[in-house]
Amino acid sequence: MTTGDAPREGLRGGPRELLRLVASGAAASRADLARLSGLSPSTVSLRVEALISEGLLQETGDGKSRGGRRPRQLAVPTGGALVGAVDLGAHHARFGTLDLSGRVVEVRSRPVRIEDGPEAVLGDLLDEVAALAPGGSGPVPGQRGGPGVGGGLRGIGIGIPGPVHFETGRIVSPSRMPGWNGFDVRAFCAERTDIPVVVDNDANLMALGEHVTTHPELDHAVYVKAGTGIGAGVISGGRLHRGAQGSAGDISHCRVVADPGALCSCGNSGCLEAVASGAALVAALREQGLPVEDLTGVMRLIDDGDRHATALARRAGRSIGEILAVVVNFFNPQVVAIGGRLAECEPLLASMRATLYERCLPLATQALLIERVVAGLDVGIVGAAQLVIDRIVDRD
Ligand SMILES: [Zn+2]
């Protein structure tokens, strides 16, 4: 880039921000972009030209007011230019295609057996995503450099329910994913397609998805994903903060001091995941002799007012709140939002909220929003697509 104010992911006036202003309808011309971003018209022009040459923006409606001063209109191309997205969970996968503005074009979901291993699970999902793309009618083409590789997709974003070393796309010590430890997702995908594949953990995807759809105006946020496992994604300065290796926000093995007894899958005891995750609730209720198969069963018991299940949910909420209180005091976010299946659990949410107010500095909570993630079932694939769009926009 030749301009002084270098574009960086998520910063005001970067290419991604310009793209988002057009995609959201806030801006329809270079003049709008200059006004809204605060950049000079010449800088806006340079960036818009780059985005047009990438196929990320297009000009429309020119030539209609001959002789007038009407500015050329800008739009995000719809149709044709799509990205693929996969949000892999412990038991289900949601996958689909989105356009370059991040809008969902098509979405599917189906059960998966994570214990079938990465080659089988990811191989099938890649094939199914490619089949959704225009012109994609089967397996992702394996021939490098061939025309139409990836069935017309510009890239695929994949979310994994476990720790991911972001730079390499390798999975590191996941809980409840036998056979996946050390698996190089990016290398596996690179053998099957030569379009860019970006891999991240599911909590980061949820954070990105909620950030772009619900709170793009909030630059400092913590989004907690509480389902079978438990994790968080951090938005700092308007961008996803991954830390040095990609593990930022992973609160699953933070120790909850009040519960030192529960043994965790990591070999330590008293981890948040071992006392407050969906898997922990299932295990604890079974230990008490209740016939619970999975998280759905736990939620049903809580809905029915079962006192054991409700007490456990409250305890889980307190434990999550204790860890988040440290996070909030340290990081001072504008919003803490909880998503995933356990976010539907009212006793858990109430305890988490009360603990946060009790344990945090007044200055940290006086304007803090504590809420549910509201972006819905597609939040993960919206985040996955955003990874790919960011990669395309910010690659230079
Ligand atoms: Zn642990």
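That block above? That's the structure.
Criteria and cut-off values
- Residues numbered from 1 in each chain as written.
- Predicted model: local features only at pLDDT ≥ 70, side-chain atom pairs only at ≥ 80, totals over all residues.
- Heavy atoms only, no water.
- Helix = DSSP H or I, 4+ residues; strand = E, 2+ residues; numbered from the N terminus.
- Buried < 20%, exposed > 50% of the residue type's maximum accessible area, 1.4 Å probe, protein only.
- Contact = heavy atoms within 4.5 Å.
- Pairing = 2+ DSSP bridges.
- Axes fitted to C-alpha atoms, helices over the stretch in contact; angles between N-to-C directions.
- Donors = N, O, S within 2.8 Å, 3.2 Å for Na, K, Ca; no water.
- Tetrahedral: all angles 85-135°; square planar, octahedral: opposite > 155°, others 65-115°.
- Core = buried A, V, L, I, M, F, W, Y, C linked by side-chain atoms within 4.5 Å.

## Quick look at the overall build of the chain
Turning to step 1, where the next piece is worked out: Tallying secondary structure elements over the chain gives 13 helices and 14 strands in all.
Turning to step 2, where the next piece is worked out: Scored against the burial criterion, the 396 residues of the chain give a buried share of 52%.
Turning to step 3, where the next piece is worked out: Across the chain, contacts joining residues at least 24 apart in sequence account for 61% of those joining residues at least 6 apart.

## Overview of the sheet that holds strand 4 (residues 92–99)
Turning to step 1, where the next piece is worked out: An order of 5-4-3-6-9 is seen for the five strands of this open sheet, with the pairing classed as mixed. The open sheet has two edge strands with one neighbour each: strand 5 (104–111) and strand 9 (197–201). Neighbour to neighbour, the strand axes of the sheet diverge by 15 degrees on average, direction disregarded.
Turning to step 2, where the next piece is worked out: Inspection of the sheet shows strand 4 paired to strand 5 by seven bridges, in the antiparallel sense. What sits directly across from Gly96, in strand 5, is Val107.
Turning to step 3, where the next piece is worked out: Packing of helix 4 (residues 118–132) onto the sheet brings it into contact with strand 3 (82–88), strand 4, strand 5 and strand 6 (153–160), and relative to strand 4 it is tilted by some 30 degrees.
Turning to step 4, where the next piece is worked out: Packing of helix 13 (residues 379–393) onto the sheet brings it into contact with strand 3, strand 4, strand 5, strand 6 and strand 9, and relative to strand 3 it is tilted by some 135 degrees.

## Here we look at the coordination of the zinc ion
Turning to step 1, where the next piece is worked out: Surrounding the zinc ion are the protein donor atoms His253 (ND1), Cys264 (SG), Cys266 (SG) and Cys271 (SG), which sit 2.0 to 2.3 Å from the metal.
Turning to step 2, where the next piece is worked out: Of note is the zinc ion, whose four donor atoms meet at the metal with angles of 102 to 119 degrees in an arrangement that counts as tetrahedral.
Turning to step 3, where the next piece is worked out: In this structure His253 comes out as partly exposed when scored by relative accessible area, which is 33%.

## Considerations on the nonpolar core
Turning to step 1, where the next piece is worked out: Judged by nonpolar contacts, the single largest core of 45 residues is most densely connected at Leu33, Val83 and Tyr223.
Turning to step 2, where the next piece is worked out: When contributions to this core are tallied by element, the ones reaching two or more residues are helix 1 (15–23), helix 2 (30–37), helix 3 (41–53), strand 3, helix 6 (202–213), strand 10 (221–226), strand 13 (335–339) and helix 13.
Turning to step 3, where the next piece is worked out: If you tally residues by element for this core, the top one is helix 13, at 10 residues.
Turning to step 4, where the next piece is worked out: When near neighbours in sequence (up to four residues on either side) are disregarded, Tyr223 contacts Met206, Ala207, Glu210, His211, His215, Gly231, Ala232, Gly233, Ile235, Val335, Ala337 and Val373.
Turning to step 5, where the next piece is worked out: Of all hydrophobic cores here, the second largest spans 43 residues; its members include Ala226, Ile251, Val292 and Leu312.

## Considerations on the sheet that holds strand 14 (residues 369–372)
Turning to step 1, where the next piece is worked out: Pairing is mixed across the open sheet formed by five strands, whose spatial order is 12-11-10-13-14. Single-partner strands in this sheet number two, and they are strand 12 (239–241) and strand 14. Taken pair by pair, the neighbouring strands of this sheet meet at an average axis angle of 25 degrees, ignoring direction.
Turning to step 2, where the next piece is worked out: Note: strand 10 against strand 11 (residues 230–236), six bridges, orientation antiparallel. Among the inter-strand pairings, Ala226 is bridged to a residue of strand 11, identified as Ile230.
Turning to step 3, where the next piece is worked out: Helix 6 contacts strand 10, strand 11, strand 12, strand 13 and strand 14 of the sheet and is inclined by roughly 45 degrees relative to strand 11.
Turning to step 4, where the next piece is worked out: Of the strands in this sheet, strand 13 and strand 14 touch helix 11 (residues 346–359), which is tilted by about 170 degrees from strand 14.

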